[in-house]
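Listed below are the residues making up each chain.
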Amino acid sequence: MSRLDMSAREVVEFAAQGGQHDALFEMGLSCCTGRDGSIDLVQAHKWFNISAMRGNDDAKRYRFEVAQDMSKAEIIRAQRLAREWLSTVH
């Protein structure tokens, strides 16, 4: 698939793989709003966490807000997923 054939979500995912904090933040927004499917707060927290670690200040606030609607087990899972992602991408 050429880059011109990519969907908007695929473009964001591609940028996120490169660690671009704005793209990572967009992934979090997509997950917490259900923009591209169902709402997934665990994935939203994961992406906001990674984006915050890469320097996006808005992601810190969104991560906190999403966490308010999550169980402790869900937050732990999101943090584990963020660590796993970071260990494979850098």
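Since the structure is predicted, the reported quantities are computational estimates derived from the model, not experimental observations. (Residues numbered from 1 in each chain as written. Predicted model: local features only at pLDDT ≥ 70, side-chain atom pairs only at ≥ 80, totals over all residues. Heavy atoms only, no water.)

J.: A description of the environment of Gly55 should follow, citing residues and the corresponding values.
T.: Tracing the chain through its elements places Gly55 in the loop between α3 (41–53) and α4 (57–67). Relative accessible area serves as the criterion here: at 45%, Gly55 is assigned to the partly exposed category. Residues Gly55 and Gln20, 35 residues apart in the sequence, show an inter-C-alpha distance of 9.5 Å. (Helix = DSSP H or I, 4+ residues; strand = E, 2+ residues; numbered from the N terminus. Buried < 20%, exposed > 50% of the residue type's maximum accessible area, 1.4 Å probe, protein only.)

J.: Tell me what's going on with helix α5 (residues 72–89), and back it up with residues and numbers.
T.: Each turn of an α-helix holds 3.6 residues, which means side chains three or four residues apart point in the same direction. The end-to-end C-alpha separation of α5 is 26 Å, in line with the 26 Å expected for 18 residues at 1.5 Å each. Considered for burial, the residues of α5 that qualify are Ile75, Ala78, Leu81, Ala82, Trp85 and Leu86. Along the long axis of α5, the arc covered by the buried residues comes to 135°, so they all point the same way. Across α5 from its buried face, at more than 90 degrees, point the exposed residues Lys72, Ala73, Arg83, Ser87 and Thr88. (Expected span 1.5 Å × (residues − 1). Arc of directions from axis to C-beta.)

J.: How would you summarise the packing of aromatic side chains if you had to cite specific residues and measurements?
T.: The geometry of an aromatic ring pair is captured by the separation of the ring centres together with the interplanar angle, meaning the angle of the planes. Inspection of the entire model under this criterion finds four aromatic pairs. With a centroid separation of 5.5 Å and an interplanar angle of 45°, the aromatic rings of Phe25 and Phe48 are classed as tilted. Within this pair, whereas Phe25 is found in helix α2 (residues 21–33), its partner Phe48 is found in helix α3, the two being separated by 23 residues in sequence. Looking at Phe48, the relative accessible area reads 0%, which means it is buried. When the ring of Trp47 is compared with that of Trp85, the centres are 5.5 Å apart and the planes differ by 75°; the resulting orientation is edge-to-face. You can see Trp47 sitting in helix α3 and its partner Trp85 sitting in helix α5, a full 38 residues away along the chain. Trp47 sits in the buried class, given a relative accessible area of 7%. Of the aromatic side chains, those joined through ring pairs into one cluster are Phe25, Phe48 and Tyr62. (Phe/Tyr/Trp six-rings, centres within 6.5 Å; stacked < 30°, edge-to-face > 60°.)

J.: Break down the pattern of salt bridges for me, with residues and values.
T.: Opposite charge on two side chains permits pairing when their charged atoms draw close. Applying the stated criterion across every chain yields a total of five salt bridges. For Arg35, the salt bridge is made with Glu26, and the minimal N-O distance between the two is 3.4 Å. The residue Lys60 makes a salt bridge to Asp57 at a minimum N-O spacing of 3.4 Å. Taken together, the residues span about one helical turn, with Lys60 and Asp57 both in helix α4 at a distance of three residues. The exposure class assigned to Lys60 is partly exposed, which follows from its relative accessible area of 38%. Salt bridges here are not isolated pairs; linked through shared partners, they connect Asp58, Arg61 and Glu65. (Salt bridge = Lys/Arg side-chain N within 4 Å of Asp/Glu carboxyl O.)

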